[in-house]
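Secondary and tertiary structure notes
Residue strings, one per chain:
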Amino acid sequence: MARVALVTGGTRGIGEAVCTGLKAAGFSVAAVYVGSDERAADFTARTGIKAWKFNVADHQAVLDGVAAIEAELGPVDVAVNNAGITRDGTLLKMSFEAWKEVIDVNLGGCFNIAKAVFPGMRQRGWGRIVNIGSINGQAGQYGQVNYAAAKSGIHGFTKALAQEGAKFGVTVNAIAPGYIDTDMVAAVPPDVLEKIVAKIPVGRLGHAEEIARAVVFLAGEDAGFITGSTMSVNGGQHMY
Ligand code: NDP
């Protein structure tokens, strides 16, 4: 039987590349999204991967959503916490709502998914959780106190949960992508993006597939001795 992988934010951007990468690696994949049904239907038509709609920030919705996925595909062996949003602004301009929403989706989503899948993984003696952090959680970023705090929190969450899973065959790792050419980065003004690319040692944006390959590796059998780590996939930007 194929192992089951769940990918939040799986219907576009990095998440879509992760879904197709995991499918190609032999996993039975479930994608999770929250927005447009039309876009999700298009994703399913293109990839043959079914998408489930629920908000990762809603604890009960996650428990119910994961139960529905498991009823159809079987127990989740691999969870990729990839769903993420930005609501940028300097602290002076940032509303409490923009702070809370970003923390609830980016960081709260990891907790909610882990609550749904970690106990089963531990019981069965095998599991992989891969959390998508960010270079901006490692280095901070002007105008992103909410996002940087959430992503930095993911890196701490990863190391703490890894310690709870280590003796039970469950690894928990994070990936810290740099700037990747997805919708999220398309929202950055061109003049700002030019300055950002100038600071990336390899001199270009990353591709979603480059993050996906790292996720597929961490999700596999060969990565069993790696846990609590953060893999920087950001063209060397974490060094500066
Ligand atoms: P996109 O904005 O392209 O896609 C985000 C995905 O997350 C979408 O599938 C979206 O669903 C889903 N999503 C958003 N909110 C929720 C929610 N509340 N519940 C369930 N799903 C949700 O993002 P990217 O592909 O660019 O980024 C993916 C991850 O990588 C994010 O965590 C991001 O922070 C991180 N990252 C991205 C970088 C980049 O340069 N792009 C750099 C560093 C980190 P829907 O389509 O339905 O809205």
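Along each chain, numbering runs from 1 in the same order as the chain's sequence is written. Selection of residues for local features in this predicted model requires a pLDDT of at least 70, selection of side-chain atom pairs for listing and counting requires 80 or more, and totals for whole chains, interfaces and linings are taken over all residues.

1. Remarks on the overall build of the protein chain
A run of H or I in DSSP counts as a helix once it spans at least four residues, and a run of E counts as a strand once it spans at least two, with each numbered from the N terminus. What the protein chain contains, in helices and strands, is 9 helices and 7 strands. For a compact globule the rule gives 2.2 Å times the number of residues to the power 0.38, and the radius of gyration it is set against comes from C-alpha atoms. For the protein chain, the C-alpha radius of gyration of 17 Å lies close to 18 Å, the compact-globule estimate for 240 residues. For the C-alpha atoms alone, the extent of the protein chain along its principal axes is close to 50 × 40 × 35 Å.

2. Here we look at the pairing of strand β6 (residues 170–177)
The side chains of a regular strand alternate between both faces of the sheet. Burial in this document is a count-based property: other C-beta atoms within 10 Å of a residue's C-beta are tallied, and the residue is buried at 20 or more, exposed at 12 or fewer, or partly exposed in between, with C-beta positions derived from the backbone. Burial analysis of β6 places 8 of its 8 residues in the buried class, the great majority of the element. Taking every second residue as pointing to the same face, both faces of β6 are buried, with V170, V172, A174 and A176 on one and T171, N173, I175 and P177 on the other. The criterion for strand pairing is that DSSP finds at least two bridges linking the strands in question. Here strand β5 (residues 127–132) pairs with β6 via 6 bridges, running parallel. Of the residues in β6, the one forming a bridge with R128 is T171.

3. A few points about the confidence of the model for the protein chain
For the protein chain, mean pLDDT is 97; residues scoring 70 or higher make up 100% of the total. Here the prediction assigns the complex a pTM of 0.97, and the interface score ipTM is 0.99. Per-residue confidence from the predictor is reported as pLDDT, which spans 0 to 100.

4. Describing the site of the ligand
Using a C-beta atom placed from the backbone, a residue is described as near a molecule or strand when that atom lies within 6 Å of it. In the region of the ligand, 30 residues are neighbours, and G9, G13, G35, G84 and T182 sit closest. Looking at the shell around the ligand, the elements with two or more residues in it are α1 (13–24), β2 (28–33) and α7 (183–186).

5. Considerations on the nonpolar core
In summary, soluble globular proteins display a tendency toward joint burial of nonpolar side chains. Put simply, a nonpolar core is buried Ala, Val, Leu, Ile, Met, Phe, Trp, Tyr and Cys residues tied into one set by C-beta atoms within 7 Å. Ranked by size, the top nonpolar core spans 66 residues in total, and within it A5, V7, A31, I211 and V215 carry the most contacts. No other element matches the 10 residues that helix α4 (residues 96–124) contributes to this core.

6. Things to note about the sheet that holds strand β1 (residues 4–8)
Reading across from one edge, β3-β2-β1-β4-β5-β6-β7 is the order of the 7 strands in this open sheet, with parallel pairing throughout. Both outer strands of the open sheet, β3 (50–53) and β7 (230–233), are each paired with one neighbouring strand and no more. Each adjacent strand pair in this sheet contributes to an overall mean axis angle of 20 degrees, direction not counted. The pairing of strand β4 (residues 78–81) with β5 spans 4 bridges and is parallel. Paired with A79 across the strands is I129, a residue of β5. Note that contacts rest on C-beta atoms placed from the backbone: two residues are in contact if these are within 7 Å. To obtain each axis, a line is fitted to C-alpha atoms, and for helices this fit is confined to the stretch in contact; angles are then taken between N-to-C directions over 0 to 180 degrees. Helix α3 (residues 59–73) contacts β1, β2 and β3 of the sheet and is inclined by roughly 155 degrees relative to β2. Strands in contact with α4 are β1, β4, β5 and β6; relative to β4, the strand with the most contacts, it is inclined by about 170 degrees.

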